[in-house]
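Here is what each chain is made of, one letter per residue.
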Amino acid sequence: TAFIGGAAVKTFEENFAAYCGAKFAIGVANGTEAIEISLRAAGVVPGDEVIIPANTFIATAEAVSATGATPVLVDNARDTYSIDVSKIEAAITPKTKVILPVHLYGQPAALDEIHDIAEKHGVAVIEDAAQARAQNRCSVHIFRHGRPD
């Protein structure tokens, strides 16, 4: 159909990828599916842990739970309401596979710091940008900030 793999979807994916400066974009039904698919693509399996902000829509934790992993809540920064980067490292355990910041209320998460922490601990970063698709930080789309492809 036009909504599942049709020409309109293909055109959307190509246009959205170009807009974001990415090689690819894949259209899915909703943000929950997008997060779950991304987590599975990153190798998240039952028993893993995924760090998420405490202040987010239920879909973020739901997508983590759908993979069989455990959502680990980290408090939010008082000034941005985004995940508090100063508290992320304390939440990392040997089971941590992903840090999943959420961009909310026009406030992008502190991606440089989050990526630095993730690289230090060998974990992935997957961004929930469902409410921030056109948001930029330092003239780069938030979900491509500082880390190409």
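Our structure's up above, just so we're on the same page.
Residues numbered from 1 in each chain as written. Predicted model: local features only at pLDDT ≥ 70, side-chain atom pairs only at ≥ 80, totals over all residues. Heavy atoms only, no water.

Undergrad: Is there a simple way to explain the pattern of salt bridges in this structure?
TA: Any two side chains of opposite charge can pair, so long as their charged atoms come close to each other. The final tally for this structure, using the stated rule, is 5 salt bridges. With a shortest N-O distance of 3.7 Å, Asp75 and Lys87 are connected by a salt bridge. With Asp75 in the loop between strand 2 (70-74) and helix 4 (88-91) and Lys87 in the loop between strand 2 and helix 4, this residue pair connects regions lying 12 residues apart in the sequence. The partly exposed category is assigned to Asp75, whose relative accessible area is 45%. Note on Lys87: relative accessible area 38%, which makes it partly exposed. Overlapping salt bridges, with partners in common, bring together Asp75, Asp84 and Lys87 in one network. (Salt bridge = Lys/Arg side-chain N within 4 Å of Asp/Glu carboxyl O. Helix = DSSP H or I, 4+ residues; strand = E, 2+ residues; numbered from the N terminus. Buried < 20%, exposed > 50% of the residue type's maximum accessible area, 1.4 Å probe, protein only.)

Undergrad: How should the packing of aromatic side chains be read in this particular structure?
TA: Given two aromatic rings, one states the distance between the centres and the angle between the planes to describe the pair. This model, assessed by the stated rule, comprises 2 aromatic pairs. Taken together, a centroid distance of 5.5 Å and an interplanar angle of 20 degrees make the contact between Phe12 and Phe16 stacked. Taken together, the residues Phe12 and Phe16, both in helix 1 (residues 7-20) and 4 residues apart, mark about one turn of the helix. Residue classification places Phe12 among the partly exposed positions, given a relative accessible area of 45%. With a relative accessible area of 24%, Phe16 lands in the partly exposed category. Ring centres 6.4 Å apart and planes at 35 degrees place the aromatic pair Phe16 and Tyr19 in the tilted group. Here Phe16 and its partner Tyr19 are both found in helix 1, 3 residues apart, which amounts to about one turn of the helix. Taking relative accessible area as the criterion, Tyr19 reaches 44% and is therefore assigned partly exposed. Site record: aromatic cluster; members linked through ring pairs are Phe12, Phe16 and Tyr19. (Phe/Tyr/Trp six-rings, centres within 6.5 Å; stacked < 30°, edge-to-face > 60°.)

Undergrad: For this particular structure, what's the right way to read the pairing of strand 3 (residues 96-99)?
TA: Walk down a regular strand and you will see the side chains alternate between the two sheet faces. Where strand 1 (residues 49-53) lies against strand 3, 3 bridges are found, and the strand directions are parallel. Directly across from Val50, in strand 3, lies its bridge partner Val98. In this fold, the crossover linking strand 3 to strand 4 (residues 124-125) by way of helix 5 (residues 111-121) has right-handed handedness. (Pairing = 2+ DSSP bridges. Right-handed = clockwise from strand over helix to strand, strands pointing away.)

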